[in-house]
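Understanding the architecture of this molecule
Each chain, letter by letter, is given below.
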Amino acid sequence: MQKLYINGEWVESKSGKAFDVINPATNELIDRVASAGIEDTIDSIDAAEEAFRKWRNVLPKDRSKILRKFYDSMIQNREDLARLIVVEQGKSIHDARIEVDYAASFVEWFSEEAKRIYGDIVPSTKVGQTLLNYKEPIGVVAAITPWNFPAAMITRKIAPAIAAGCTVIVKPSEETPLTAFYLAKLLEESGLPKGVFNIICGNAAEIGNTLTESKKVRMLTFTGSTIIGKMLYAKSANTVKKVTLELGGNAPFIAFDDADIALAVQGLISSKLRAGGQSCICVNRVFVHENIASEFANAIVDEFKKIKVGNGLDESVTLGPLINKAANIKISKMINDAVNKGSSILFKSDAEGLNENFCLPTVIMNINDTSLLYESEIFAPVVSIFTFQDEEDVIARANNTQYGLASYIYTEDRKRIDRVVNALEYGMIGVNNVTISTEMTSFGGIKESGLGREGGKYGILEYLEDKFVAIN
Ligand code: ADP
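In this text the structure is predicted, and so the values were computed from the model without any measurement. (Residues numbered from 1 in each chain as written. Predicted model: local features only at pLDDT ≥ 70, side-chain atom pairs only at ≥ 80, totals over all residues. Heavy atoms only, no water.)

1. Considering the side chain of Gln129
The test is simple: A helix here means a DSSP run of H or I that spans at least four residues, while a strand means a run of E at least two residues long, and both kinds are numbered starting from the N terminus. Only protein chains enter the calculation, and the probe is 1.4 Å; a residue is then buried if its accessible area is under 20% of its type maximum, exposed if over 50%, and partly exposed in between. Counted as a polar contact is a pair of N or O atoms within 3.5 Å, where, for protein atoms, one must be capable of donating a hydrogen and the other of accepting one, and residues adjacent in sequence contribute only when both atoms are in side chains. Throughout, a contact is declared for two residues whenever any of their heavy atoms are within 4.5 Å.
With respect to the secondary-structure elements, Gln129 resides in the loop between strand E5 (120-122) and strand E6 (130-137). Classification of Gln129 by relative accessible area gives buried; the value is 15%. A distance of 3.1 Å separates the side chain of Gln129 from the side chain of Ser124, its partner in a polar contact. Sequence-distant contacts of Gln129, that is, excluding residues within four places in its chain, are made with Ser124, Ala470, Ile471 and Asn472.

2. A look at the pairing of strand E4 (residues 29-34)
Regular strands place their side chains on alternate faces of the sheet. The condition is simple: Here, a strand pair is defined by DSSP locating no fewer than two bridges between the strands.
Pairing between strand E3 (residues 18-22) and E4: five bridges, direction antiparallel. Looking across to E4, one finds that Val21 is bridged to Asp31.

3. Digging into the environment of Phe379
Its location among the elements puts Phe379 in the loop between helix H12 (372-375) and strand E16 (382-388). Along the primary structure Phe379 and Thr26 are separated by 353 residues, whereas in three dimensions their C-alpha atoms are 20 Å apart. Apart from residues lying up to four places away in sequence, Phe379 is in contact with Trp147, Asn148, Gly277, Gln278, Ser279, Cys280, Asn284 and Leu322.

4. Things to note about the side chain of Ser437
By secondary structure assignment, the location of Ser437 is in the loop between strand E19 (428-431) and strand E20 (446-447). Its relative accessible area of 16% is what places Ser437 among the buried residues. There is a polar contact of 2.4 Å between the side chain of Ser437 and the side chain of Tyr102. Ignoring anything within four residues of it in the chain, the contact list for Ser437 reads Tyr102, Arg156 and Phe443.

5. Some words on the sheet that holds strand E15 (residues 362-365)
Test applied: To get an axis, a line is fitted to the C-alpha atoms, and for a helix only the part in contact is used. The angle between two axes follows their N-to-C directions and goes from 0 to 180 degrees.
Ordered by their spatial adjacency, seven strands build an open sheet running E14-E15-E16-E13-E12-E18-E19, and the pairing between neighbours is mixed. Edge strands, defined here as strands with exactly one partner in the open sheet, are strand E14 (344-348) and E19. Taken pair by pair, the neighbouring strands of this sheet meet at an average axis angle of 20 degrees, ignoring direction.

6. Notes on the site of the ligand
Stated formally: Any residue with a non-hydrogen atom lying within 4 Å of a molecule or strand is treated as near it. Here the accessible surface of atoms and residues is derived via Shrake-Rupley with a 1.4 Å probe, and residues count as covered only by protein chains that are part of the display.
Of all residues adjacent to the ligand, which total 17 residues, the nearest are Thr145, Trp147, Lys171, Glu174 and Ser225. Contacts to the ligand include Lys171, whose side-chain N or O atom sits 2.8 Å from an oxygen atom. Between a nitrogen atom of the ligand and a main-chain N or O atom of Ala204, the distance comes to 3.3 Å. In isolation the ligand has 550 Å² of accessible area, and contact with the protein removes 78% of it. Of all elements in the fold, only helix H7 (204-213), strand E10 (217-223) and helix H8 (226-236) reach the threshold of two or more residues within the shell around the ligand.

7. Concerning the nonpolar core
Quick note on the threshold: Side-chain atoms within 4.5 Å link the members of a nonpolar core, which is a set of buried Ala, Val, Leu, Ile, Met, Phe, Trp, Tyr and Cys residues.
In terms of nonpolar packing, the biggest core is built from 83 residues, with Phe70, Met74, Ile158, Ile162 and Phe197 touching the most fellow members. Top contributing element to this core by residue count: helix H4 (residues 93-113), with ten residues. Non-local contacts of Phe70, meaning those with residues more than four positions away in its chain, are made with Val107, Ile158, Leu183, Leu186, Leu187 and Ser190. Counting 40 residues, the second-largest nonpolar core is a separate cluster that includes Ile307, Val363, Met365 and Leu405.

Now the structure itself:
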């Protein structure tokens, strides 16, 4: 059984309870995990608070060295980590290897950034006065993470936090906690002092309430659904915590009639195959100009025919199952809704012997803007094609959502790029490509997609506070 990691020790939960972690490709039990509740959460907060007093004063260079070791060991253990991700999350082994590299890249980047935390010397308004602006670590950080990227969603938060001198309590998703515990083992071996990093999971509501109510927790960083994010944001108000949120998206993908169709198709497919379409920046609404719609749709179908669905551990598989049966029921309802509103299913792949967690690649045409597929996160390998004629109209439709995370446009017209980029209300825009997230750039959304940025030169600022000092 997997134990919790609190204050540098592997411990049972206080309640003695445990929960199952299931492989979605086979429905087999992978492991049982100690289930944390209120008391375990309090223990982890106390440990993180105690550790913070020392960790904040450890030299940036020494913090950097530990993170660098952690990065090296993630790369050395790449294959084990990737296999663990496949087993508990379901994605293909190729995709899991990409995730490990991506996850590790944040550790490498922030190991370097630890040494580049600069304050300011501000010009004085009085003779004999020195004005200083320090950047100091915010304190104990609670990080609540989802199941779609079991490694990367954790490292994107803990690497900047640890680099900044904060201490962290991570609550990974109960669907995919084993990758998180594996990372804890590597961090421990890298020489991180006890209490700087803690992992608890189990009763999400109890843990969430205890973390948000605690005065000792100074920051909450959350990646997950908009509904839970909003609730945690509200709960954090009482103790005026710093909050960063990476919430849902409803990414438009606009292919204009002057687009390079082959390039656009390739981009769309690669977005849809990343975590089986279960990523918050995944293409959600595909707007294709009427003049190229049938050529584009047929090209997508040709590519979808090549997808091999199955257990992600099989090297020939390119698409695994969804995270669970509930996710599959949700997407089936969306598809039925679209069909009832007049859409046609252009393609649905067939495969036999797959369990109820698998969603087969599907392409749907002629979708109405009142469909659930327009307004909801699809989170499945389903391509929903809308058509348009006019640039202004498609921009208005693309912006017509409460979300503002990622968006994508394909066009060969430079002036159009400027116009559309200016008009799109999104935190991130991919032009003629879908690869918008790297450790060196900032990731995040506007509107109800979130608050704050992860990665890039701004990523570490989220974990720092200003302290202004005026010396006479
Ligand atoms: P998803 O729909 O992607 O599973 P969730 O928002 O439900 O998104 O999950 C993201 C993270 O939020 C997970 O770690 C989950 O356990 C956690 N979570 C869910 N409910 C709560 C809650 N009431 N309090 C704190 N964390 C929660």
